[in-house]
Structure formats: C-alpha cells, structure tokens
Amino acid sequence: MTPSKKRILIVDDSEAIHRDFLRILCPEPEAGDSELDQLADELFGAPASSPRDEGVFEVDSALQGREGLAKVEQAQAEGRPYALVFLDYRMPPGWSGVETLRHLRKVAPTLPVVLCSAYSDYSWEEIAREFGHAQPPLELRKPFNSQELRQLALRLTEDA
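This section reports on the structure supplied with the text. Computed from a predicted structure; not experimentally measured.

1. Re the side chain of Lys142
Stage number 1. One can find Lys142 in the loop between β5 (138-141) and α6 (146-156).
Stage number 2. Exposure remark for Lys142: the relative accessible area of 17% places this residue in the buried category.
Stage number 3. When sequence neighbours within four positions are dropped, the list of residues in contact with Lys142 reads Asp12, Ile17, Asp88, Cys116, Ser117 and Ala118.

2. Here's the deal with the packing of aromatic side chains
Stage number 1. A complete count under the given rule lists two aromatic pairs for this structure.
Stage number 2. Taking 5.0 Å as the distance between ring centres and 45° as the angle between the ring planes, the aromatic pair formed by Phe21 and Phe86 counts as tilted. Taken together, the residues Phe21 in helix α1 (residues 15-25) and Phe86 in strand β3 (residues 84-88) connect sequence positions 65 residues apart. Accessibility assignment for this pair places Phe21 and Phe86 in one class, buried.
Stage number 3. The structure contains a cluster of three or more aromatic residues connected by ring pairs, namely Phe21, Phe86 and Phe144.
Stage number 4. Taking NZ or CZ as reference, Arg7 lies 4.5 Å from the ring centre of Tyr82, over its face.

3. Remarks on the pairing of β3
Stage number 1. Counted residue by residue, β3 has five buried out of five residues, so it is predominantly covered.
Stage number 2. On β3, burial covers both faces: Leu84, Phe86 and Asp88 on one face and Val85 and Leu87 on the other are all buried.
Stage number 3. Relative to β3, strand β1 (residues 6-11) runs parallel, the two sharing four bridges. Residue pairing across strands places Leu9 opposite Val85, the latter belonging to β3.
Stage number 4. In this view, the connection linking β3 to its parallel neighbour strand β4 (residues 113-117) by way of helix α4 (residues 97-107) has right-handed handedness.

Rules and cut-offs
- Residues numbered from 1 in each chain as written.
- Predicted model: local features only at pLDDT ≥ 70, side-chain atom pairs only at ≥ 80, totals over all residues.
- Heavy atoms only, no water.
- Helix = DSSP H or I, 4+ residues; strand = E, 2+ residues; numbered from the N terminus.
- Buried < 20%, exposed > 50% of the residue type's maximum accessible area, 1.4 Å probe, protein only.
- Contact = heavy atoms within 4.5 Å.
- Phe/Tyr/Trp six-rings, centres within 6.5 Å; stacked < 30°, edge-to-face > 60°.
- Lys NZ or Arg CZ within 6 Å of the ring centre and 35° of its normal.
- Pairing = 2+ DSSP bridges.
- Right-handed = clockwise from strand over helix to strand, strands pointing away.

By themselves, these figures tell us nothing about what the structure is for.
Okay, structure coming up:
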C-alpha cells in the first residue's frame, strides 16, 4: 500500500511564491531517471538516500487568509486535514498572516504553521507571546533556501 501524501497549504498573495513552493516541494522527476530506474524503484523501493521523493507532498494554495481558513475547515470536514501551513505575513488587502493565524488556531490549534516573509509588522517576541503557549509558529525568511524549505517541510510533517 502506498502511503498517502502529506498535505501542505500555502497561504500567500503572490502567485509566483506558490509556483516556487510547488517547484521545491513537488519537483519533477529528474530527466536522467531512466524508465528502468523508475521501474526498479517501484519494484524494490527507492534507496533510503534517493533524491526521488517528489511524491511526498500534496500542495494546495490560497491567495488570502480567509480563503486559507476556509480550505483548512473544508479539509478537516472531509477527514483530509493539512499536515502543515506556510503562511505569509502580509497579504493585502485581506487579513495579515498573524490575523489568519488567530483564526486558524480556533479551528486547528495543533496544526503546524510557518510564517514566511521578507519583513514583518510584528516582532517575533509579540508573536511568540501570543501563540507560543500552544503550538508556536515557526518563521522562514524570504527569500528562502530551497533545501532549507524542503527539509523543514519534511521534518514538520514526519508524524502526519
């Protein structure tokens, strides 16, 4: 039986950022992978150190906080909750990332959230003070390193 993909929600007002997340978290198979290599991996399993783990994540997108909240609620209602949310700090004209996080915590208090931005309207101390008692959010600064992003996603969804 194939394990199900870990569901990740990206909430960001930039469509280019969504494309970057998809490129990093759901890479295309390498051109050098021969059909024979792919068949061998299917029959015998990919080696533990294989970079061919492109099927690990299912990535969904929301361009605003309200849309992201609705997707989290729908996913829970369908019994297919998200394992992780990457959330932008600034998403004009709608809710900020912090406001979105307040709403997310009401419906999914233990859902891991990573706040992403090149800048913030809140100090990290303020965010930690408000949200640190339960499941504290993590922070990822833009521009982010592809390998750092992928490793963070893998680590935060290990138990999902």
